[in-house]
There are 2 protein chains.
Amino acid sequence: MSFLDHIQRCNNYDPRRVMPLFAGTRRIGLVRRDNAEALRNFPDVFRVAADKVDLVARGDADAISRAVDRVVDSLVTEKQIPKTRNETFDVAERWGAPPVFRLDRGAVPFFGTRAYGVHLNGYRCDKPELHLWVGRRAANKSVAPDKLDNIVAGGIGNGHGLVETLVKEADEEAMIPPSLIARAVSAGAVSYRMETPLGIRDDVLFVYDIEMPADFEPKNRDGEFSEFLLMPASAVLDRIRTTDAFKFNVNLVVLDFAVRRGILPPDDPEFLAVATGLHRPLD
Amino acid sequence: MSFLDHIQRCNNYDPRRVMPLFAGTRRIGLVRRDNAEALRNFPDVFRVAADKVDLVARGDADAISRAVDRVVDSLVTEKQIPKTRNETFDVAERWGAPPVFRLDRGAVPFFGTRAYGVHLNGYRCDKPELHLWVGRRAANKSVAPDKLDNIVAGGIGNGHGLVETLVKEADEEAMIPPSLIARAVSAGAVSYRMETPLGIRDDVLFVYDIEMPADFEPKNRDGEFSEFLLMPASAVLDRIRTTDAFKFNVNLVVLDFAVRRGILPPDDPEFLAVATGLHRPLD
């Protein structure tokens, strides 16, 4: 086990197993070939060719979303998609472009549309060694139950902005008030492309850092975390290097923090592979 | 002109114009095809095949270095290489691996061997807006004369370590004493692959940040800088976005700083392309 193992696991994407999903000339998703086969039953919405899938439903974003929703509902019935999440993500060619449609979060990996999230590194500098606040995900989470996580993290639902999502998740997940979260600083983005049993995760995580006051203790409100732990940064890195204790993508966010803050030293044999491996170019 | 233009200029590498240079099974360089032709005159040192160049000189690193030196001297005489620099870089498959040989810095782009440097962002937080110390390169520099630069930057010569190089360059370029440079924090790596008139630059820059005291003013000792300027970060970003005032690769180092410090906001239309474009994966 190594730092790089976590990065490679999040970048196990193999383009030969996937067909691009197009809306006209815009690539908006990456559909695994077995998932593409399941789309042949919906020729009024998707056309499956030899080497690509075309979205053929026409109309505005509302109309296309309704057409895709009907496909998703059928795929859930057929157990091709486990369940809907009743939360929708914008689907677009790139961040900031007008959405082509909105897609239920539970169907995002099936279509391999790019998903965006915010992750917050909460740290303390009032001890001799920098410490990180770490959350433990609830045992009943469908993704990565019981795994360690950033203090705050969440997907960006359709129509919601970065700061809005950060403020909302900070309140719900860690009871961090707006006056405190206002001190969070944007610190970059982590990106990866990963095949999972459901399909493709083509993820971009906007990363924020916040120095937490010594007298503030995060508390969970929404049941997503079972506890918060304050861990020395070196202990966090040891856990990442040697275990799967952290959620798969949180390893990458914390490694990015460690690289930026001089916690992972540049003479570490994995330093360059980590520093250059956390930011998969977007295409 | 845009932030991304600078990143694309540093990544204009086209693999079709290049042949890999191998030492046995290890790829150690990237030789442009016209440069490879010039190596056919030295069959006891290099064998030029249809799709690769092999280093065929045998012996330890000293012996191979001497053999390559003779080739480089001939190439300088033939004006295939402008001049030697009397400073050598280690040539190896990857950072930290034992060097196969040592190569004069002036010949590095000809062979496209990977070069490593250190770059230091010097900043001040004692004003309402963060400021950056910026150096202006001397008018007689062979590379990027008169361009703006980081406060300290230098290539890592063979046998020299990261911190050793940083301390030496900080003293020579900005008269930053060891007691102050000890506060510099490792903050990541910027990487790019660029074709220049001389060949291929396959560069990795180890990035450090240092908060500079309000009462310290950098002064140049070695003639490499003509002046130092203290500029508001927003003015630096404006210069990068709209001009070529900064040395080509320094644009990337400063953009990395701006991304990490929340100076380039995540709602900037170029944010994701910049955040994911500064760290070309190493292969």
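Residues numbered from 1 in each chain as written. Chains lettered and ligands numbered in written order. Predicted model: local features only at pLDDT ≥ 70, side-chain atom pairs only at ≥ 80, totals over all residues. Heavy atoms only, no water.

The transformation that overlays chain A on chain B combines an axial shift of 0.0 Å with a rotation of 180 degrees, and the residual RMSD is 0.0 Å. The relationship between the two copies is best expressed as a two-fold rotation axis. Relative to the rotation axis, the C-alpha of A:H279 is the closest in chain A, positioned 3.4 Å from it. Looking at chain A, 100% of its interface residues are interface residues in chain B too, so the copies touch through the same face. (Least-squares fit on C-alpha atoms with pLDDT ≥ 70 in both. Contact = heavy atoms within 4.5 Å.)

So, on to the packing of helix α7 (residues 233-242) of chain B against helix α8 (residues 248-260) of chain B. Residues and elements named next belong to chain B. Contact pair α7 / α8: the axes reach a minimum separation of 11 Å and the direction vectors enclose 135 degrees. The pairing of α7 with α8 is recorded here as oblique in orientation. For α7 against α8, the interelement crossing comes out left-handed. Judged by residue contacts, V236, L237 and I240 of α7 engage N251, V254, L255 and A258 from α8. (Axes fitted to C-alpha atoms, helices over the stretch in contact; angles between N-to-C directions. Helix = DSSP H or I, 4+ residues; strand = E, 2+ residues; numbered from the N terminus. Parallel < 35°, antiparallel > 145°, perpendicular 65-115°, else oblique. Left-handed = near helix turned anticlockwise from the far one by under 90°.)

On to the pattern of salt bridges. Taken as a whole, this structure holds 52 salt bridges over all chains when the rule is applied. A:E195 is the salt-bridge partner of A:R32, the closest N and O atoms lying 3.1 Å from each other. On the criterion of sequence distance, the pair formed by A:R32 in strand β2 (residues 26-32) and A:E195 in strand β11 (residues 185-196) is long-range, its members being 163 residues apart. Judged by its relative accessible area of 8%, A:R32 falls in the buried class. With relative accessibility at 16%, the residue A:E195 sits in the buried group. Notably, a salt bridge pairs B:R260 with B:D256, separated by 2.9 Å at the nearest N-O pair. Of this pair, B:R260 and B:D256 are both found in helix α8, 4 residues apart, which corresponds to roughly one turn of the helix. Connected through shared salt-bridge partners, A:R27, A:R114, A:R193, A:D202 and A:D283 make up one network. (Salt bridge = Lys/Arg side-chain N within 4 Å of Asp/Glu carboxyl O. Buried < 20%, exposed > 50% of the residue type's maximum accessible area, 1.4 Å probe, protein only.)

What follows covers the packing of aromatic side chains. For the coordinates displayed, the defined rule picks out 18 aromatic pairs over all chains. Each member of the aromatic cluster is reached from another via a ring pair, and the members are A:W95, A:Y116, A:F206 and B:F271. Above the face of the A:F22 ring, A:K52 is positioned so that its terminal group lies 5.6 Å from the ring centre. Here the guanidinium or amino end of B:R193 rests over the ring plane of B:Y13, the centre of that ring lying 5.0 Å away. (Phe/Tyr/Trp six-rings, centres within 6.5 Å; stacked < 30°, edge-to-face > 60°. Lys NZ or Arg CZ within 6 Å of the ring centre and 35° of its normal.)

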